[in-house]
Amino acid sequence: MSKYYLPVAIGALALAFWLKPEVQEIAAGVAIFLFGMLMLEDGFKLLGGGVLERLLAGATRSVPRALTFGAAATTLLQSSSLVSIITISFLSAGLISLIGGVGVIFGANIGTTTGAWLVAGLGLKVDIAAYAMPMIALSIILVFQKSNVLRGIGYALGGLGFLFLGIHHMKEGFDAFKDQIDLTRFALGGIAGLIVYTLIGMVATVIMQSSHATMVLVITALAAGQITYENALALAIGGNVGTTITAIIGSLGANYQGKRLALAHLIFNTATAAVALAFISQLAQLVDWISAHAGIAADDYALKLAVFHTTFNVIGVLLMLPLLNRLVGFLERRIAAPAPTVSMPRFLTDAVDAFPQSLEGALRQEVDHLYDNAAKLILHGLNLHRHEIYATDTIEDVVRGSRKAFDIDLADQYEQRVKTLYTAIIDYAARAGDTRYDPDTTRRIYSLRDAATHIVAAVKSVKHLRKNILRYTTRPGGMVTTLYDGLRVQLAQILAEIEKLGAADPSERSALWLEQESAQIEEDARSTVTRVETLIRTGKLSPTAATSFLTDSRYAYAAMRDLIAAERLYYAERDSALAEVEHLIALDDDELDAPSADHDTPVPRTPAPARNTTVTHAT
Amino acid sequence: MGIKKLAAKVADYKDRLDRGKASKIKPDHVAHVLEKLRKKEAALKLELAAAKNSDSKNRLTRKISVAQEQINRAEWLLSKIA
């Protein structure tokens, strides 16, 4: 179907221009209006930075806040479609809750009605083109600046200017049109009129992908006397339903949460339209009453249409609010969450592309998902259970008690549960090369990518260990078992510390804690060769077993270093000044590597009880 | 040795700041990080008091030593930034 859209649309326009050249100015007015909305959208994305993410996360903590945010954002952006797409993107990325997202959509439906007020209250009553021209002229100077903020202001100013210019041309077009054609010949009364014009409004919005553009067309046509007030009301109702199609299209690339939100949008707008159609006479009377009290002239149908648009959307929200929890329950049953797929990305979806500011959040979630899979795989590779390691205070005892080999194919599990996620992370992180991102966001995205790289490297290192872990730790083998158990303990301790770091209060957590682990890793790595040499000299370890252990210990310490490096990147301060402080305070590698000179005298190590003291030969 | 290295890093930071390649650090930023480090040190000392075996005690002793070094650095940095 979509491949026919372009030729059909161009063909229809060409035919209309040929049959009625007067249509050109109206069509151009619509095009300029839509172009203005695109510029406004681009301006907002440049200005947004991390502000929108923080605002959206904060705004969706409660339903009233979500409603207010939806209304305010749509008023500012003059586009409910953009707000829907942003909300779907953030919901898909796991950054906001479903109920919060639905609240934003409800609010957006109210905010979108300000467009009608803008046109009816301002656009038709003042020489709007007089404001549009200087705005557009000024904007182009700002658009060519280097600063993202200035460019964003330029795009927003230009967008607003084009919106005004579009309204002006639509107005002029209809004024010229009415001298040639009287569209009121096609007016329909009664239920037929309601249904037909609602459908026309719906189709027009789907074609133009903008309920704003439809309302502007309707108001300018009404002001020019080209359509009747009753038919205009039906067109406005139809426009409200048509706008849900944009949300549905936007949800196609989203995960199940995004699809739930699009369905919520469709249900709300359709229900509101149904109520408005069923009670249209009563609503019209209510509009007359409000207009009379607001000082709006009885024959100012354009402003009354704006009152109608706002009134029926507000009524829709008031009716649906008490049913919000039931609506969310229905959405959750109708579009069930798929069983969590450990092997497929959960948060990096096409919806993230629709609004780039959600990429960083989605990446962070996905790196966390990758780490979760990797930690499980590493511990299983060492024949250890995660829940036992994380729950105990004496990891050494748990390790010594874990002798049973886990039946896993580490290479296969790596391909399924680690590589697929890593591939998606690298793919999406590459999009940060896009100049839409500010330098701080780009830095954080690349840090998350690098964290993922370290996590994968750690898993690969443990893959190398697996063979000898199975050989030497599943049955007592003397000193070599003790040595390999030591590696298992150290790896498990690192994972347990990372778990504690993740569970800590974010306001108290610091990536600097990991240096304390790094120092221990370097101390242990440094003393490995000396310890092994002593064991060989005293006959407690064969040279063959020693070579296996020395090689494997390098893999083990590499895995520990990679895990630490990954978590330092993941938990680095987001604020660039705080990140700078951490960087300055952090010990350098050579400082972590140096033998401690200023420490309290360590308590002598208690050697692990030897199970047997015979020298073990590697086979 | 630690403070010497830190001083060199601060000099490098100031150079980057002058070139517009670093974010400006205020005393509040350093104080914020220092507070976190002090809380962590206190938590480690409690763990050490409760530790049962020598390996745990050695491990925690070393971690406290690193935490103290980090605190010293943060305090020195605060004195330079304030």
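Values in this document were obtained by computation on a predicted structure and should not be read as measured data.

**Focus on the overall build of chain A**
Of the regular secondary structure elements, chain A holds 27 helices and zero strands. In chain A, buried positions account for 48% of the 619 residues.

**Section: the overall build of chain B**
A count of helices and strands for chain B gives three helices and zero strands. Reading the helices (α) and strands (β) of chain B from amino to carboxyl end gives α-α-α. Evaluated residue by residue, chain B yields a buried proportion of 29% over its 82 residues.

**Focus on the packing of helix H10 (residues 190–208) of chain A against helix H11 (residues 211–223) of chain A**
Residue and element names in this part refer to chain A. It is the contact of H10 with H11, at a shortest axis distance of 8 Å, that shows an interaxial angle of 125°. It follows from the interaxial angle that H10 and H11 lie oblique. Where H10 crosses over H11, the two elements pack in a sense that is right-handed. Of the residues in H11, those touching H10 at Gly201, Ala204, Thr205 and Met208 are Ser211, Ala213 and Thr214. Its residues placed into classes, the contact of H10 with H11 shows three nonpolar, four polar and no charged.

**So, the environment of Tyr256(A)**
Residues and elements named next belong to chain A. By the element assignment, Tyr256 lies in helix H13 (residues 256–278). Residue Tyr256 is classed as partly exposed on the basis of its C-beta count, with 19 C-beta atoms lying within 10 Å. For the pair Tyr256 and Leu331, spaced 75 residues apart in the sequence, the C-alpha separation amounts to 10.0 Å. In contact with Tyr256, not counting residues within four places along its chain, are Ile335, Ala337 and Pro338.

**Brief notes about the packing of helix H18 (residues 357–381) of chain A against helix H22 (residues 439–473) of chain A**
All names here are of chain A. Running from N to C, H18 and H22 point in directions that differ by 10°, and their axes come no closer than 10 Å. By the angle class used here, H18 and H22 are roughly parallel. In terms of residue class, the contact of H18 with H22 is built from 17 nonpolar, two polar and five charged.

**Topic: the interface of chain B and chain A**
Residue-level contacts link 36 residues of chain B with 30 residues of chain A. Counting only elements with at least two residues in the side of chain B that touches chain A, the list comes to helix H1 (2–18), helix H2 (27–50) and helix H3 (54–81) of chain B. At 16 residues, H3(B) tops the list of elements feeding residues into the side of chain B that touches chain A. For the side of chain B that touches chain A, a count of residues per class yields 12 nonpolar, 10 polar and 14 charged.

**Quick notes on H11(A)**
Residues and elements named next belong to chain A. In a regular helix each residue adds 1.5 Å, so 13 residues correspond to 18 Å; H11 covers 18 Å between its end C-alpha atoms and thus fits that length. Among the 13 residues that make up H11, 13 are buried, leaving the element largely enclosed by the rest of the structure. Gly225 lies just past H11 and shows a positive phi near 75°.

**Some words on the nonpolar core**
What tends to happen in soluble globular proteins is that the nonpolar side chains get buried as a cluster. Residues and elements named next belong to chain A. Residues Ile219, Leu305 and Ile378 are the most contacted members of the largest nonpolar core, which totals 191 residues. Per-element tally for this core: the top contributor is H22, with 12 residues. Counting the residues that make up this core, at least three belong to each of domain 1 (15–334) and domain 2 (356–593). Filtering out sequence-adjacent residues up to four positions away, Leu305 remains in contact with Ala116, Ala120, Ile219, Leu222, Ala232, Leu233 and Ala236.

**Structural notes on the environment of Leu13(A)**
With respect to the element layout, Leu13(A) can be found in helix H1 (residues 2–19). As for Leu13(A) and Val23(A), which are separated by 10 residues in sequence, their C-alpha atoms are 9.0 Å apart.

**Let's talk about the confidence of the model for chain B**
All names here are of chain B. Scored by pLDDT, chain B comes out at a mean of 89, with 99% of its residues at no less than 70. Considering each helix and strand of chain B separately, the mean pLDDT is smallest for H1, with a value of 87, and largest for H2, with 92. For this predicted complex, the interface confidence comes out at an ipTM of 0.93, alongside a pTM of 0.65.

**Quick word on H18(A)**
Residue and element names in this part refer to chain A. A rise of 1.5 Å per residue sets the reference length of H18, with its 25 residues, at 36 Å; its end C-alpha atoms lie 37 Å apart and thus fit the reference within 8%. In terms of burial, H18 is largely enclosed, as 20 of its 25 residues are buried. Looking one or two places after H18, you find Asn383, whose phi comes out positive at around 60°.

**Focus on unusual backbone geometry**
All names here are of chain A. In the Ramachandran plot, Asn383 falls in the positive-phi region, its phi being about 60° despite a non-glycine side chain. Its place among the elements puts Asn383 in the loop between H18 and helix H19 (386–391). Residue classification places Asn383 among the partly exposed positions, given that 19 C-beta atoms sit within 10 Å.

**Focus on the confidence of the model for chain A**
Taken residue by residue, chain A gives an average pLDDT of 83. The fraction at 70 or more is 88%. Within the model, pLDDT remains below 50 along residues 597–619 of chain A, and this stretch shows 45 contacts once partners closer than five positions in the same chain are excluded.

**Overview of the environment of Asp350(A)**
All names here are of chain A. Looking at where Asp350 falls in the secondary structure, it is placed in helix H17 (residues 350–354). Given 15 C-beta atoms within 10 Å, Asp350 falls into the partly exposed group. Asp350 sits 99 residues away from Ser251 along the chain, and the two C-alpha atoms are 9.0 Å apart.

Quick notes on the rules
- Sequence order sets the numbering: in each chain, residues are counted from 1 along the sequence as written.
- Chain letters start at A and ligand numbers start at 1, both assigned in the order the entries are written.
- Residue-level local features of this predicted model are given only where pLDDT is at least 70; pairs of side-chain atoms are given and counted only at 80 or more, and the full residue set underlies all totals for whole chains, interfaces and linings.
- In this text, helices come from DSSP runs of H or I with a minimum length of four residues, and strands from runs of E with a minimum of two, each type numbered from the N-terminal end.
- Exposure is read from a count of other C-beta atoms within 10 Å of each residue's own; the residue is exposed at 12 or fewer, buried at 20 or more and partly exposed in between. C-beta atoms are placed from the backbone.
- Angles run from 0 to 180 degrees between N-to-C directions of axes, and those axes are lines fitted to C-alpha atoms, restricted for helices to the stretch in contact.
- Each angle is binned into one of four classes, with values under 35 degrees roughly parallel, values over 145 roughly antiparallel, values of 65 to 115 roughly perpendicular, and all other values oblique.
- The sense of a crossing depends on the near helix, which, turned anticlockwise from the far helix by less than a right angle, makes the crossing left-handed and, turned clockwise, makes it right-handed.
- Placing a C-beta atom from the backbone of each residue, one calls two residues in contact when those atoms lie within 7 Å.
- Each residue is assigned to one class: nonpolar for Ala, Val, Leu, Ile, Met, Phe, Trp, Tyr, Cys and Pro, charged for Asp, Glu, Lys and Arg, and polar for all the others, Gly among them.
- To estimate how far a helix should reach, multiply one less than its number of residues by 1.5 Å.
- The nonpolar core is taken to be a set of buried Ala, Val, Leu, Ile, Met, Phe, Trp, Tyr and Cys residues joined by way of C-beta atoms within 7 Å.
- Note: domain ranges come from an automatic or database domain assignment.
- Think of pLDDT as the predictor's per-residue confidence, scored from 0 to 100.

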